[in-house]
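Tertiary structure, described
Next come the chains, spelled out residue by residue.
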Amino acid sequence: MKNQTVLVLDFGGQYKELIARRVRELNIYSLVKPANISVEEIRAIDPIGIILSGGPNSVYDESSPHCDPELFNIGIPILGICYGMQLMAYTLGGKVSESNVQENGVTNIRISSSSELFKGLSDIQEVLMSHSDKVTSLPKGFNEIASSSDCPVAGMEEPGKRLYAIQFHPEVELTVNGKKILSNFLMDICGATQDYTMDDYIRTQMTSIKEKVGDKKVLLALSGGVDSAVCAALLSKAIPGQLYCVFVDHGLMRKNEGDEVEAAFRDFDLNFIRVDAEDIFLNELKGVTDPEQKRKIIGRLFIEVFNEESSKLHDIAFLAQGTIYPDVIESGANNTDNIKSHHNVGGLPKDIGFEGLIEPLRTLFKDEVRKVGTLLGLPSNIVNRQPFPGPGLAIRIIGEITKEKLEMVREADYIFRSELEKSDVKADQYFAALTNIKSVGVTGDHRTYDYTISLRAVNTSDFMTASFTEIPYDILGTVSRRIVNEIKGVNRVVYDITSKPPATIELL
Ligand code: XMP
């Protein structure tokens, strides 16, 4: 049975996938399509509602994206957001004023709570505005339903035709009741029955993977991270036995990590190839102290080792990647099929010439990927893993990397993580790093001259900024005692209390 669908039309705004995600959160299927899609195509999709996204243009720019004006006559409820509102007003005979002045940031607006769109909300609402042009005269038949001091028409409606529009962004968290507004539109105005789940997502993806791949073989570089792991699980369910996963163990993993990744896939029907490349990586990293140099060497070796291993496989038709939506935004490849220069597979497809690329997680956000992974039966230690950088422990050792230092940082990290996971402390990323500092200490009657371990734990939602986690002293005390008692070569432990900025999360 077909799910009810909400169509998001893309006018170039950075939040279009976020809109689609908000719709999915309400268990409604959503699809993002280019703004210039024809009305016939829209009728074929048969959406229960359409959302016009924001966008950076002015409706008066010749190059700005427009939609078929007929769209507003086909009887499907429409919600225009930001540029989407301006376009609706402009197309239907209202007036949009150009302005060089931006209204950016969180603003209080006054709303008309009698509008179906704002049902259940109080008169004053905190919303995110991000625009310069604004609607200054309503199209015929429309009412004004929201206003702010800088924006006399911050919302408008023509309830008879079920056309609604808002100048602010309901999809972002900064708009306090954004989810409620979207829910009012989707549930009350579009009549959504919430018939879509992540299981449906998995089923749809499996069908399209099967159609694309047929009986051919697919190759995937497994890094041990959440995204590639979930991608592998999904592919193995869609095309059992046809997936080849190459897991390059660079020897810079955390304690037991390589084995955990291997164990997680034991019950999946795929070909798991683990390459023990520790010696290759450590040899090339010998004497290297510069952080960027370390990253470059590791990136290059990843490709070399992966290429060598995959060249032993024959008849591979497709390359799969665990690209997720934030990667697509970061690489600026929003509307293209460009391949992200991922730290482990950058440059691969050009070198090997596959028939095609498979990226089944491309429209999902991280938490959705975790949900898919859980539904597919991946263990929690893989699905709920904290971020771990591609270059691994190499960027958690200041100075030269040696086997001994790796062993020290690996054990310290394991102790710190175990103690924190036993506690109630909530941190988004937490790890130990080995500073290159040696200092004097005393053990029993002996003077020591050993290394200092630095502990780091941060709270963050986007990893762009972060604050250090306030870990209680007793937990820090236990971790410190265990580290100096259990790890030879370490006689001092410090806790990093810098936020980002000015520090970064990693030490290198
Ligand atoms: P920074 O240290 O820049 O880290 O504040 C932000 C987030 O990115 C991760 N990170 C990396 N991830 N390759 C990666 O795959 C890298 O070279 C790398 N450097 C940092 C870091 O762990 C944190 O989550």
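All residue numbers here refer to positions counted from 1 along the written sequence of the relevant chain. Only residues with pLDDT of at least 70 get local features here, since the model is predicted, and only at 80 or more are side-chain atom pairs given and counted; chain-wide, interface and lining totals rely on the full set of residues. The basis for the side-chain values is all heavy atoms of the structure; hydrogens and waters are excluded.

In this section: a negative patch on the surface. Only residues above 30% relative accessible area that lack a salt bridge enter a patch, with like-charged residues linked at up to 9 Å and the nonpolar side chains Val, Leu, Ile, Met, Phe, Trp and Tyr linked at up to 5 Å. Note on areas: Shrake-Rupley, 1.4 Å probe, and residue coverage restricted to the protein chains presented here. A carboxyl oxygen of Asp or Glu within 4 Å of a side-chain nitrogen of Lys or Arg is what we treat as a salt bridge. Here the positive residues are Lys and Arg and the negative ones are Asp and Glu; neither His nor the chain ends is included. All charge positions are set by atom: Lys at NZ, Arg at CZ, Asp at CG, Glu at CD. Judged by side-chain charge, Glu-40, Glu-41, Asp-68 and Glu-70 come together as a negatively charged surface patch. Structurally, the position occupied by Glu-40 is in helix H2 (residues 39-45). Exposure is judged per residue with a 1.4 Å probe applied to protein chains only, and the accessible area is read against the type maximum: over 50% gives exposed, under 20% gives buried, and values in between give partly exposed. Owing to a relative accessible area of 56%, Glu-40 belongs among the exposed residues under this scheme. Put simply, DSSP H or I for four residues or longer makes a helix, DSSP E for two residues or longer makes a strand, and each gets a number counted from the N terminus.

In summary, the pairing rule links any two rings of Phe, Tyr or Trp, Trp by its six-membered ring, whose centres are within 6.5 Å, and it sorts them by plane angle into stacked for under 30 degrees, edge-to-face for over 60 and tilted for everything else. Taken as a whole, this structure holds nine aromatic pairs when the rule is applied. With a centroid separation of 5.5 Å and 45° between ring planes, the pair formed by Phe-11 and Tyr-83 is classed as tilted. In this pair, Phe-11 sits in the loop between strand E1 (5-10) and helix H1 (16-25) while Tyr-83 sits in helix H3 (residues 83-91), placing the two residues 72 residues apart along the sequence. Both residues of the pair, Phe-11 and Tyr-83, count as buried.

Once that is clear, we can look at the nonpolar core. Leu-455, Ile-471 and Ile-483 are the most contacted members of the largest nonpolar core, which totals 53 residues. Sort the elements by how many residues they give to this core and helix H14 (residues 403-422) lands first, with seven residues. Residue ranges for the domains originate in an automatic or database domain assignment. When residues of this core are assigned to domains, at least three fall in each of domain 2 (198-383) and domain 3 (396-495). The contact criterion used throughout is that any non-hydrogen atoms of two residues lie within 4.5 Å. When residues no more than four places from it in sequence are discounted, the contact partners of Ile-483 are Ala-412, Ile-415, Ile-453, Leu-455, Val-490 and Val-493. Buried residues of nine kinds, namely Ala, Val, Leu, Ile, Met, Phe, Trp, Tyr and Cys, make up a nonpolar core once their side-chain atoms join them within 4.5 Å. Ranked by size, the runner-up nonpolar core spans 42 residues in total, among them Val-218, Leu-243, Leu-378 and Val-383.

Within the fold, Leu-220 resides in strand E12 (residues 217-222). With ten residues separating them in the primary sequence, Leu-220 and Val-230 have C-alpha atoms 11 Å apart. Setting aside chain neighbours within four positions, we find Leu-220 in contact with Ser-228, Cys-231, Ala-232, Leu-243, Tyr-244, Cys-245, Val-246, Phe-306, Ala-320, Gln-321 and Gly-322.

Right, let's get into the site of the ligand. Any residue with at least one heavy atom within 4 Å of a molecule or strand is counted as near it. By nearness alone, 13 residues border the ligand, and Arg-295, Gln-429, Lys-500, Ile-505 and Glu-506 come closest of all. Polar contact is defined as a pair of N or O atoms within 3.5 Å, subject to the rule that within protein one atom must be able to donate a hydrogen and the other to accept it, and that residues adjacent in sequence are counted only when both atoms are side-chain atoms. A distance of 2.6 Å separates an oxygen atom of the ligand from a polar atom in the side chain of Arg-295. Contact distances for the ligand include 2.7 Å between an oxygen atom and a side-chain N or O atom of Gln-429. Within the complex, the protein chains bury 73% of what would otherwise be the 500 Å² of accessible surface of the ligand. Gly is placed with the polar residues, together with every amino acid not listed as nonpolar (Ala, Val, Leu, Ile, Met, Phe, Trp, Tyr, Cys and Pro) or charged (Asp, Glu, Lys and Arg). A per-class count over the shell around the ligand returns six nonpolar, four polar and three charged.

Quick look at the sheet that holds E1 now. Two strands qualify as a pair provided DSSP detects at least 2 bridges between them. Judged by pairing direction, the sheet is mixed, and its nine strands sit side by side in the order E2-E1-E3-E4-E11-E10-E9-E6-E7 without closing on themselves. The open sheet terminates on both sides in strands that have one partner only, identified here as strand E2 (29-34) and strand E7 (124-131). For this sheet, the mean angle separating the axes of adjacent strands, direction not counted, is 25°. Bridge count for strand E10 (residues 155-158) against strand E11 (residues 163-166) is four bridges, and the pairing is antiparallel. Residue pairing in the sheet places Glu-158 in a bridge with Leu-163 of E11. Between the N-to-C directions of two axes lies an angle of 0 to 180 degrees, each axis being a line fitted to C-alpha atoms and, for a helix, fitted only over the stretch in contact. Against the sheet, H1 contacts E1, E2, strand E3 (49-52) and strand E4 (78-81), and its axis sits at roughly 160° relative to E2.

The subject of this paragraph is the domain arrangement of the chain. Taken domain by domain, the chain comprises domain 1 (5-189), domain 2 (198-383) and domain 3 (396-495). On a C-alpha basis, the centroid separation for the pair domain 1 and domain 2 is 37 Å. Listed as interface residues are seven residues of domain 1 and, on the opposing side, eight residues of domain 2. Buried area between domain 1 and domain 2, both sides added, is near 730 Å², and the carbon and sulfur share of it is 43%. Put simply, buried area is the surface a 1.4 Å probe can reach on two separate parts but cannot reach once they are joined, added for both. Three residues stand out in domain 1 for area buried against domain 2, namely Glu-17, Arg-21 and Arg-24, and they jointly supply 63% of the buried area on that side. Between domain 1 and domain 2 we count two salt bridges in total. Between Arg-24 and Glu-368 there is a salt bridge; the shortest N-O distance is 2.8 Å.

Another aspect to go through is the pairing of strand E9 (residues 143-147). Pairing of strand E6 (residues 103-111) with E9, which is carried by two bridges, proceeds in the antiparallel orientation. Bridged to Ile-111 within E9 is Ala-146. The pairing of E9 with E10 spans three bridges and is classified as antiparallel. The residue bridging Glu-144 from the neighbouring strand is Met-156, located in E10.

Moving on, we get to the side chain of Glu-309. Note on placement: Glu-309 falls in helix H9 (residues 291-311). Judged by relative accessible area, which is 15%, Glu-309 ranks as buried. With near-sequence residues (within four places) excluded, Glu-309 lies in contact with Val-246, Ile-273 and Val-275.

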